[in-house]
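# Observations on the model geometry
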Amino acid sequence: SGPEIDDDDDSEVQSPTPMLNNKPLGSQQVKGINCIRHILESVDGEGMSISEVLPMVSFFEKRSKKQVTAFRGPIEIGASLKINCYAFVKVKGINCIRHILESVDGEGMSISEVLPMVSFFEKRSKKQVTAFRGPIEIGASLKINCYAFVKTSEEKPFSWKKLSAVAESELNCHTMEVDMRRSYHRIDEDQTQVEKDNIAHAYRYGKMLVPMSAEDQKAMKLNSEKGCLVLGFTSRNNIDRWMFSQNGCHIFVAQPDDEYAAVAFSALCRALDEKNMVAIVRYVSRSNNDPKIGFLTPNIKSSYESLLFIALPFKEDIRHYQFASFKNVKEPSEEAIAAMDSFIDSMTLIKNDTELFNPKDLVNPYMQRQFQCIQHRALNPDDTTIPEVEEYIASSLRVIPEMLANAQEQASIIKKNFPLQELKQKEKNVNMFQQGGINDTEYNDNNMGDNKSRDFLSSLTKSCLKEVGTADPVNDFLTLIENADNDKFVEVCEQMRKSILKLVLNSFLSQYFIKAIQATKTLREQSIAKRVSKVYNALLYDLKEETCGKLKDEFWQLLIKENLSLISGNEAKDSTITEDQVHS
């Protein structure tokens with residue numbers, strides 16, 4: 001406190017000297033007063049007097065006082081362990097900070113809690129809970145106790161709750177939750193309601209519905225025991241990347257406080273790593289869960305050793321897609337390959353020994369955007385608009401401008417090596433009989449009444465045919481081999497062979513299989529008649545290589561069913577195929 005000042009006195013008045021316990025304050029304490037006064041004024045701290053501020057400021061000054069212990073003695077742990085220690089009083093400083101927080105209606109937080117708040121919405125912390133506890137069984141006698149934790153798993157967005165805008169007059173007005181009720185009705189005029197007890201699930205089997213009661217569904221479930229059973233070992237190279245399936249991965253570590261398990265687990269990890277092998281296992285994390293087939297691969301770090309479990313697909317999980325063959329695609333030049341290599345190197349994500357777009361540092365933009373909108377609506381309930389997307393969200397999956405600038409030169413080189421050409425659409429064949437407004441029907445009725453006209457048109461079509469196509473290969477082939485000599489016949493057979501291969505390899509599922517079978521059958525019959533079997537037999541060898549045991553295996557089975565085998569020497573004199581080779 002200081003001397004009293006008369007407001008009516010116009011004479012010059014000196015600033016009062018702050019006092020604490022009838023002692024003048026130092027320069028550091030005066031700075032503390034001004035700092036705290038500024039904080040309180042900024043947060044509307046009216047009513048705070050200097051006498052309230054002074055006790056807080058007295059603790060901001062650095063005092064060269066001797067530290068005084070509040071306690072000296074041992075911390076006793078058990079009957080034999082004692083740790084000598086000192087305890088100092090920090091209550092005054094804690095009370096000072098608490099007083100400031102209460103005055104400004106604030107909240108105390110650590111630096112580690114504040115930093116994520118100013119950068120992005122932090123993900124929810126996950127408690128380290130085991131997904132599996134049990135042994136890894138290898139054979140009948142070897143069991144290694146271990147724990148399994150979830151290493152990666154898809155983070156689901158927060159679920160929305162359905163609330164009623166008119167719930168204030170209802171019984172659940174405090175929660176505003178929507179009470180959902182479901183009823184079942186027959187599909188008839190009266191919409192007869194059916195009780196839930198009289199309803200059963202049914203599965204469609206063809207056109208028939210097969211009802212299954214609750215007891216039937218319970219009996220259908222596969223009862224499985226918890227465990228991790230090693231089925232065998234295989235090379236890591238046998239596991240393709242596309243085989244990784246299901247959500248996330250589990251990490252296995254040796255059971256804590258089990259020395260024998262740790263030694264055996266370490267030996268297994270190092271053996272798999274040295275031999276580049278993986279263990280194929282049957283994994284059931286909880287009793288009566290669906291069993292999974294997967295592999296354990298070693299993950300050896302400087303501080304720990306572990307095994308990573310990744311699930312493998314079952315036969316029903318694999319999708320078989322058919323794509324066009326690259327057999328006839330022109331291979332790129334060495335310059336083009338070098339240009340693409342340089343382009344990839346220019347966009348590498350390693351920069352200054354730091355990996356960009358690392359999953360450990362990359363936040364989910366969808367969830368960040370959701371949190372941003374919820375926060376905005378919570379802090380601004382009267383604002384009906386949605387805020388613009390934050391820059392850190394928009395840039396999280398955007399190409400880095402510096403990297404894009406570095407790749408411009410390589411991109412121009414690629415443009416030169418892979419020029420783009422505009423493909424002009426082929427003109428459709430114009431029907432000469434529809435020109436001038438004359439359609440086929442009128443022409444047939446008026447001008448094609450006699451057989452001579454039809455023969456003329458047929459001969460005109462044949463004269464325009466140059467090679468066997470894929471639209472109607474059988475008629476094209478028969479037309480071209482009419483009155484053909486032996487050399488011409490071989491040439492047409494070669495065209496037929498290429499058309500059949502194109503139909504089979506470019507077929508979507510079995511779309512062109514029937515057409516290809518009819519063309520193959522025609523080629524075989526004419527080859528036997530002309531006694532020229534070389535092209536046909538070459539076709540069958542090509543078809544076997546492309547289809548047997550592969551995606552197009554269905555076509556090979558059709559060939560066997562139609563008995564379209566090789567032409568033997570008994571059927572054509574030029575053939576060197578024996579009967580044993582035909583039936584093999």
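Structure shown above.
All values reported here derive from a predicted model rather than from experimental measurement.

Another aspect to go through is the sheet that holds strand β15 (residues 305-311). Working definition: the strands of a sheet are paired by backbone hydrogen bonds and lie parallel or antiparallel to each other. The 7 strands lie next to each other as β5-β6-β12-β15-β14-β13-β11, forming a closed barrel whose pairing is mixed. This sheet shows a mean twist of 40° between the axes of neighbouring strands, independent of strand direction. Summarising the sheet, strand β11 (residues 227-235) and strand β13 (residues 277-284) pair through 8 bridges and their orientation is antiparallel. Paired with G232 across the strands is I280, a residue of β13.

With that settled, consider the pairing of strand β10 (residues 208-212). Taken together, the 5 bridges between strand β9 (residues 201-205) and β10 define a ladder with antiparallel strand orientation. Its bridge partner lying in β10, Y205 is registered against M208. Between the end of β9 and the start of β10, which pair antiparallel, lie 2 residues, with G206 showing a positive phi angle near 70°.

This brings us to unusual backbone geometry. Here D257, not a glycine, exhibits a phi torsion of approximately 65°, which is positive. Following the sequence through the fold, D257 ends up in the loop between β12 (245-254) and α6 (259-275). Look at D257 and you get exposed, because its relative accessible area is 85%. Phi is positive for N563, close to 60°, though the residue is something other than glycine. Following the sequence through the fold, N563 ends up in the loop between α18 (553-561) and α19 (579-583).

Scanning all chains against the criterion turns up 7 salt bridges. Residue E562 pairs with K521 through a salt bridge whose shortest N-O separation is 3.4 Å. With E562 in the loop between α18 and α19 and K521 in helix α16 (residues 513-530), the pair connects residues that are 41 residues apart, well separated along the chain. According to the relative accessible area criterion, K521 is partly exposed, its value standing at 33%. Note that E571 and R524 form a salt bridge whose closest N and O atoms lie 3.2 Å from each other. One end of the pair, E571, is in the loop between α18 and α19; the other, R524, is in helix α16, with 47 residues separating them in the sequence. Overall, E571 belongs to the partly exposed group, its relative accessible area being 31%. In the salt-bridge network here, residues are joined through shared partners; they are E494, R497 and D542.

Geometry of an aromatic ring pair is reported as the spacing of the ring centres plus the angle between the planes. One pass over the structure, following the stated rule, counts 7 aromatic pairs. Between F132 and F252 the ring centres are 6.0 Å apart and the planes differ by 50°, which places this aromatic pair in the tilted class. One end of the pair, F132, is in strand β5 (residues 130-138); the other, F252, is in strand β12, with 120 residues separating them in the sequence. Residue F132 shares its accessibility class with F252, and that shared class is buried.

Within helix α14 (residues 473-480), burial applies to P473, V474, D476, F477 and L480. Viewed along the axis of α14, the buried residues span an arc of 165°, placing them on a single side of the element. Of the surrounding elements, those touching the buried residues of α14 are α15 (486-505) and α16.

This brings us to the pairing of β12. Of the pairings in the sheet, the one linking strand β6 (residues 142-152) to β12 comprises 6 bridges and is antiparallel in character. Its bridge partner lying in β12, A148 is registered against F252. Bridge analysis of β12 against β15 gives 4 bridges, and the strand direction is antiparallel. Within β15, the position partnered with H250 by the bridge is F309.

Turning our attention to the environment of F265. Within the secondary structure, F265 sits in helix α6. In this structure F265 comes out as buried when scored by relative accessible area, which is 2%. Spatially, the C-alpha atoms of F265 and C146 are 8.2 Å apart, while their sequence positions differ by 119 residues. With near-sequence residues (within four places) excluded, F265 lies in contact with I136, I144, C146, F252, V253, A254, E305, S306 and L307.

What follows is about the environment of A484. Mapped onto the elements of the fold, A484 is located in the loop between α14 and α15. With relative accessibility at 18%, the residue A484 sits in the buried group. Excluding residues within four positions of it along the chain, A484 makes contact with F489 and K530.

Attention shifts here to the packing of α15 against helix α17 (residues 534-547). Contact pair α15 / α17: the axes reach a minimum separation of 10 Å and the direction vectors enclose 15°. By the criterion of interaxial angle, the relationship of α15 to α17 is roughly parallel. The two elements α15 and α17 meet at a crossing, and its hand is right-handed. For the pair formed by α15 and α17, the contact residues are V490, C493, E494, R497, I500, L501, V504 and L505 on the first element and V535, L539, D542, L543, E546 and T547 on the second. For the contact of α15 with α17, the per-class residue count stands at 9 nonpolar, 1 polar and 4 charged.

Counting residues in hydrophobic clusters, the biggest one holds 33 residues, and the most contacted among them are F477, I500, L523, L543 and F555. Of all the elements in the fold, those that place two or more residues in this core are α14, α15, α16, α17 and α18. Of all the elements, α15 adds the most residues to this core, at 8 residues. If near-sequence neighbours (up to four positions away) are discounted, L523 is found in contact with F477, C493, M496, I500, Y536 and L539. Counting 22 residues, the second largest nonpolar core, distinct from the first, contains A148, F265, C269 and L296.

The rules we used
Residues numbered from 1 in each chain as written. Predicted model: local features only at pLDDT ≥ 70, side-chain atom pairs only at ≥ 80, totals over all residues. Heavy atoms only, no water. Pairing = 2+ DSSP bridges. Helix = DSSP H or I, 4+ residues; strand = E, 2+ residues; numbered from the N terminus. Axes fitted to C-alpha atoms, helices over the stretch in contact; angles between N-to-C directions. Buried < 20%, exposed > 50% of the residue type's maximum accessible area, 1.4 Å probe, protein only. Salt bridge = Lys/Arg side-chain N within 4 Å of Asp/Glu carboxyl O. Phe/Tyr/Trp six-rings, centres within 6.5 Å; stacked < 30°, edge-to-face > 60°. Arc of directions from axis to C-beta. Contact = heavy atoms within 4.5 Å. Parallel < 35°, antiparallel > 145°, perpendicular 65-115°, else oblique. Left-handed = near helix turned anticlockwise from the far one by under 90°. Nonpolar A, V, L, I, M, F, W, Y, C, P; charged D, E, K, R; others polar. Core = buried A, V, L, I, M, F, W, Y, C linked by side-chain atoms within 4.5 Å.

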